[in-house]
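Coordinate analysis (summary)
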Amino acid sequence: MKIFVCIKQVPDTETKIKISPDQTGIDTAGIKWVMNPYDEYAVEEANKLRDANPGAQVWVLSAGPKARVVESLRTALAMGADEAIVINGEGLDNFSTAKALAEVIKAEGGMKIIFTGKLAIDDNASSVSQMMAEFLNVPHTTVVSKFAFNGENVTVERDVEGGAKEVVQMMTPAVVGANKGLNMPRYASLPGIMKAKKKVIKEIEFSSLNIPATDIKVKYSGMTLPADKPAVKMLSGDSSAQAAELVKLLRDEAKVL
Amino acid sequence: MGKVLVFAEQTNGKLKRSSIELLQAAAKSGNTVVAVTFGSHAGDVTAAIGHNGASEVHVVKDGALDSYNPESYTANVVAIVNKVQPSIILASASSTGKDLFPRVAARLNTGVASDCTQLTISGDNVTAVKPMYSGKAFATVNFENSPIKIVLMRANQLPVEAADTSKTANVVENTNAATDLKTLIKEIVKGASEKLDLTEANIIVSGGRGLKEAANFKMLNDLADVLGATVGATRAVVDAGWVGHGMQVGQTGKTVAPTLYIAVGISGAIQHLAGMGSSKVIVAINNDANAPIFQKATYGIVGDAFDIVPKLTEEFKKALHH
Ligand SMILES: Cc1cc2nc3c(=O)[nH]c(=O)nc-3n(C[C@H](O)[C@H](O)[C@H](O)COP(=O)(O)OP(=O)(O)OC[C@H]3O[C@@H](n4cnc5c(N)ncnc54)[C@H](O)[C@@H]3O)c2cc1C
Ligand SMILES: Cc1cc2nc3c(=O)[nH]c(=O)nc-3n(C[C@H](O)[C@H](O)[C@H](O)COP(=O)(O)OP(=O)(O)OC[C@H]3O[C@@H](n4cnc5c(N)ncnc54)[C@H](O)[C@@H]3O)c2cc1C
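Residues numbered from 1 in each chain as written. Chains lettered and ligands numbered in written order. Predicted model: local features only at pLDDT ≥ 70, side-chain atom pairs only at ≥ 80, totals over all residues. Heavy atoms only, no water.

1. Things to note about the overall build of chain B
Check the secondary structure of chain B and you find nine helices and 18 strands. Against the compact-globule benchmark of 20 Å for 322 residues, chain B has a radius of gyration of 21 Å, which places it among compact chains. For chain B, the spread of C-alpha atoms along the three principal axes comes to 60 × 45 × 40 Å. For chain B, the proportion of its 322 residues judged to be buried stands at 59%. Long-range contacts, defined here as pairs at least 24 residues apart, represent 65% of the contacts in chain B between residues at least 6 apart. Carbon and sulfur atoms provide 49% of the accessible area of chain B, an area that totals close to 12200 Å². Distance between charge centroids for chain B: 4 Å, based on 29 positive and 28 negative side chains. (Helix = DSSP H or I, 4+ residues; strand = E, 2+ residues; numbered from the N terminus. Rg over C-alpha atoms; globule rule 2.2 N^0.38 Å. Buried < 20%, exposed > 50% of the residue type's maximum accessible area, 1.4 Å probe, protein only. Contact = heavy atoms within 4.5 Å. Areas by Shrake-Rupley, 256 points an atom, 1.4 Å probe, with all protein chains shown as cover. Lys, Arg positive; Asp, Glu negative; His and termini not counted. Charge placed at Lys NZ, Arg CZ, Asp CG, Glu CD.)

The structure is reproduced here in structure tokens:
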């Protein structure tokens, strides 16, 4: 069986963001790119599942500009994934990305379980894995912190509001969106890194996928940096005075009480 | 003018504040507002839905829809959308909204803008603004090739005015659009707290490693009880096992947008700021005057949490219960 993992490459949280001159995106010069943190959980769970199922294989996929996103695929290979595919292209949205991932997974064949992250920390959208499941016409659960596969069905635990959890069973093939808590992602080993360097990454041009231009549904514009915050107001006096002052400010100045 | 469809969520028969925000915003736009709500409690909220601006509400009163199932909810929303033919759909970026509407969008061959914080509706058109890169930038989302524009809004971003009890909505009963389910919800394990989820809370009291040990979260719970707030935490505290992961705020926890965020004994690491930086008013309490959290805060108190927090609790008690 094939286990797929979809990986998005995102700017590291610590990276300083500059807006591109046309305000449709960011200035990518000097950005440090990393694998989306939730996708690390997805890769780890796929590896564990492969290790428990002799003959299984982990395929990692990433869509985006080839020159940079292959780096995240190499990281995943170094973590233990078996094969990698890059879908090369630029400027797509969540809908067309999900379409592209679904098309490639379908064409590759043999899918049993597809892991994604619950969301990408740059767009924060958490939409690609659900959309992809629809395009593949398979069940889907996201925000998953526990996963089990019995050879036929998948049982997962999903975190929902108020600290509640749902236990969900899905028929396979199925899409699973990983949350923190699912596992502890392994570090890439040195032999893993050496092996990953030698692997051939399969390349697919987005333009070869017959996905119409009308499958781009949203576009960003007017990208701006947040307005400067007014300086913090530090409260003075002893703790009793500070407490009284804070309550007064929250009520009379900030008007949030 | 066209129709705006609002996905109305309720808990135990009470309409959620986030849904009231959306209904009122839709009504203000001058469009016809149609709401949809599911489950055996659906009938309990139709009056409130009318009071907040919808002229029509579609209900599926089947107990099978009491808890969220992605497949049955998608089928029912799509069936109602096909009937109502809205040009805009609004839903909150709750765990249900975020799970459901990307599927609906895929099925309707249309676009979805998720996790938005500003909304502008003008006729059939809608633009939304969403934070990107953990709030380090903001982008305007424009729809293209989207017969229906779907916007998912974070809670607490839009104003809420008093409901107008003279207004009512026409209730349309729908039957459950049956589907062959490949997904089964086997069990729901209730959360430890009956408080609002962090993502919906209007006030959050959050604790970090400065609290020293798990037992000291009681101090924050006491403060939260007085304020009607939900308690959050940093990853350091979650990793130490003091509280559950459901309480983690930040890049690998929850993104929150309350009106008031009180950070106690939290240093203000970038990954924590990523989750709470867009809170309207931020109060930081830290014994280190150089803690980075003060650069994000509206009000800062340098001092010992164990000294300040109980005094604050008393002050709030006085201020709020007189
Ligand atoms: C041909 C092509 C060109 C692209 N060009 C660019 C570009 O120039 N610049 C740019 O920043 N982005 C580019 N993308 C990426 C695309 O814009 C985003 O992936 C998309 O907007 C979804 O992001 P999201 O934050 O909504 O994902 P979310 O829905 O939040 O992500 C959830 C999960 O979906 C999976 N996922 C999301 N996106 C991808 C992806 N791209 N590849 C694999 N898995 C994914 C991951 O598992 C992730 O954890 C391109 C994509 C394609 C297919
Ligand atoms: C990939 C990645 C993802 C991450 N995701 C998250 C995330 O989602 N959320 C998150 O929070 N973190 C996250 N982190 C961790 C983050 O970098 C910080 O380590 C964490 O936020 C620190 O938590 P803290 O503020 O509780 O602890 P510390 O940084 O140890 O700060 C404790 C603070 O308490 C103060 N203090 C001590 N005693 C007192 C007292 N008596 N009274 C008042 N103040 C006192 C100290 O001065 C200090 O400022 C992530 C890190 C990584 C690498």
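2. Observations regarding the sheet that holds strand β17 (residues 281-286) of chain B
Spatially, six strands are ordered β13(A)-β18(B)-β17(B)-β16(B)-β14(B)-β15(B) in an open sheet, and the strand pairing comes out parallel. With one partner strand each, in any of the chains shown, β13 (233-234) of chain A together with β15 (230-233) of chain B form the two edges of the open sheet. Relative to strand β18 (residues 299-302) of chain B, β17(B) is paired through four bridges, and the arrangement is parallel. Among the inter-strand pairings, B:V283 is bridged to a residue of β18(B), identified as B:Y299. (Pairing = 2+ DSSP bridges.)

3. Focus: the interface of chain A and chain B
Tallying the contact residues gives 79 residues for chain A and 90 residues for chain B. Together chain A and chain B conceal approximately 7000 Å² of surface at their shared face, both sides included; 54% is due to carbon and sulfur atoms. Along the contact surface separating chain A from chain B lie six salt bridges. Here A:E161 makes a salt bridge to B:K16, at a shortest N to O gap of 3.2 Å. Connecting chain A to chain B are 39 residue pairs in polar contact (both at pLDDT 80 or more). Among the elements that make up the side of chain A that touches chain B, the one with the highest residue count is helix α6 (residues 239-253) of chain A (eleven residues). Among the residues making up the side of chain A that touches chain B, the classes are represented as 39 nonpolar, 21 polar and 19 charged. Summarising the sheet, strand β12 (residues 218-224) of chain A and strand β10 (residues 137-143) of chain B pair through five bridges and their orientation is antiparallel. Bridging from a neighbouring strand, A:V218 pairs with B:F143 of β10(B). (Buried area = accessible area lost by both parts, 1.4 Å probe. Salt bridge = Lys/Arg side-chain N within 4 Å of Asp/Glu carboxyl O. Polar contact = N/O pair within 3.5 Å; in protein donor to acceptor, adjacent residues only side chain to side chain. Nonpolar A, V, L, I, M, F, W, Y, C, P; charged D, E, K, R; others polar.)

4. Digging into the site of ligand 2
Residue and element names in this part refer to chain B. Taken together, 26 residues are adjacent to ligand 2, and R209, K212, T234, T252 and S267 come closest. With respect to ligand 2, the side chain of T234 contributes an N or O atom lying 2.7 Å from an oxygen atom. In the environment of ligand 2, an oxygen atom lies 3.3 Å from a nitrogen or oxygen atom belonging to the backbone of G253. In isolation ligand 2 has 980 Å² of accessible area, and contact with the protein removes 77% of it. Elements with a contribution of two residues or more to the shell around ligand 2: α6 (235-239), α7 (270-276) and α9 (305-320). Tallied by class, residues from the shell around ligand 2 come to six nonpolar, 15 polar and five charged. (Near = heavy atom within 4 Å.)

5. A look at the packing of helix α4 (residues 128-136) of chain A against helix α4 (residues 95-108) of chain B
For the pair α4(A) and α4(B), the least separation of the axes is 8 Å and the interaxial angle reads 40°. Between α4(A) and α4(B), the angle falls in the class oblique. Our pair here, α4(A) against α4(B), has a crossing hand that is right-handed. In this structure, α4(A) uses A:Q130, A:M131, A:A133, A:E134 and A:F135 to contact α4(B), whose residues at the interface are B:K98, B:D99, B:P102, B:R103, B:A105, B:A106 and B:R107. Split into classes, the residues belonging to the contact of α4(A) with α4(B) amount to six nonpolar, one polar and five charged. (Axes fitted to C-alpha atoms, helices over the stretch in contact; angles between N-to-C directions. Parallel < 35°, antiparallel > 145°, perpendicular 65-115°, else oblique. Left-handed = near helix turned anticlockwise from the far one by under 90°.)

6. A few points about the nonpolar core
Here is a general trend for soluble globular proteins: nonpolar side chains tend to be buried in one another's company. Residues A:M132, B:F7, B:F38, B:F101 and B:I150 are the most contacted members of the largest nonpolar core, which totals 52 residues. If we skip the residues at most four places from it in the chain, A:M132 touches A:C6, A:A98, A:L101, A:A102, A:I105, A:I114, A:T116 and A:V175. Within the second largest apolar cluster, 42 residues are counted, among which are A:M35, A:A42, A:A84 and A:V86. (Core = buried A, V, L, I, M, F, W, Y, C linked by side-chain atoms within 4.5 Å.)

7. A closer look at the site of ligand 1
Residues and elements named next belong to chain A. In the neighbourhood of ligand 1, 30 residues make up the surrounding shell, with C6, D39, L92, D123 and S127 lying closest. One nitrogen or oxygen atom from the main chain of G89 is found 3.3 Å from a nitrogen atom belonging to ligand 1. One of the backbone N or O atoms of A120 is found 2.7 Å from an oxygen atom in ligand 1. In isolation ligand 1 exposes 900 Å². Once the protein is present, 92% of that is buried. Elements with a minimum of two residues in the shell around ligand 1: β4 (57-64), α3 (94-108) and β6 (111-117).

8. Side note on the pairing of strand β9 (residues 125-132) of chain B
Residue and element names in this part refer to chain B. Burial within β9 is extensive, with six of its eight residues counted as buried. Two strands pair when backbone bridges link them, and strand β8 (residues 118-122) and β9 are joined in this way by five bridges, in the antiparallel orientation. By the bridge assignment for β9, L119 is matched with A128. Hairpin connection between β8 and β9: a loop of two residues separates the two successive antiparallel strands, and G123 in this loop has a positive phi of roughly 60°. As paired strands, β9 and β10 are joined by five bridges and run antiparallel to one another. Bridge pairing in β10 links P131 to F138. As consecutive antiparallel partners, β9 and β10 are separated by four residues, and within that stretch Y133 has a phi angle of approximately 50°, a positive value.

9. Considering the pattern of salt bridges
Residue and element names in this part refer to chain A. All told, the structure shown has 37 salt bridges over all chains when counted by the stated rule. As a salt-bridge pair, D215 and K99 come within 2.7 Å of each other at their nearest N and O atoms. On the criterion of sequence distance, the pair formed by D215 in the loop between β11 (202-205) and β12 and K99 in helix α3 is long-range, its members being 116 residues apart. Of the two residues examined, D215 and K99, each falls in the buried class. In this structure, K233 engages E253 in a salt bridge whose closest nitrogen and oxygen atoms are separated by 2.6 Å. Separated by 20 residues along the polypeptide, K233 in strand β13 and E253 in helix α6 bring together distant segments of the chain. The network of salt bridges with shared partners includes E44, R50, D51, D82 and R186.

10. Things to note about the sheet that holds strand β1 (residues 2-6) of chain A
Across the sheet, which stays open at both edges, the ten strands sit in the order β11(A)-β5(A)-β4(A)-β1(A)-β6(A)-β10(A)-β7(A)-β8(A)-β9(A)-β13(B) with mixed pairing between neighbours. In the strand order of this sheet, the two ends are held by β11 of chain A together with β13 (183-189) of chain B, each with one partner. Across the sheet, the mean angle separating the axes of adjacent strands is 30° when strand polarity is ignored. With four bridges joining them, strand β5 (residues 83-88) of chain A and β11(A) adopt parallel strand pairing. Residue pairing in the sheet places A:N88 in a bridge with A:E205 of β11(A).

11. Observations regarding a nonpolar patch on the surface
Taken together, the side chains of A:L190, A:I193 and A:M194 present a nonpolar region at the surface, about 280 Å² in accessible area. Summarising the element assignment, A:L190 is placed in helix α5 (residues 190-198). (Patch = residues over 30% accessible without salt bridge, like charges linked within 9 Å, V, L, I, M, F, W, Y side chains within 5 Å.)

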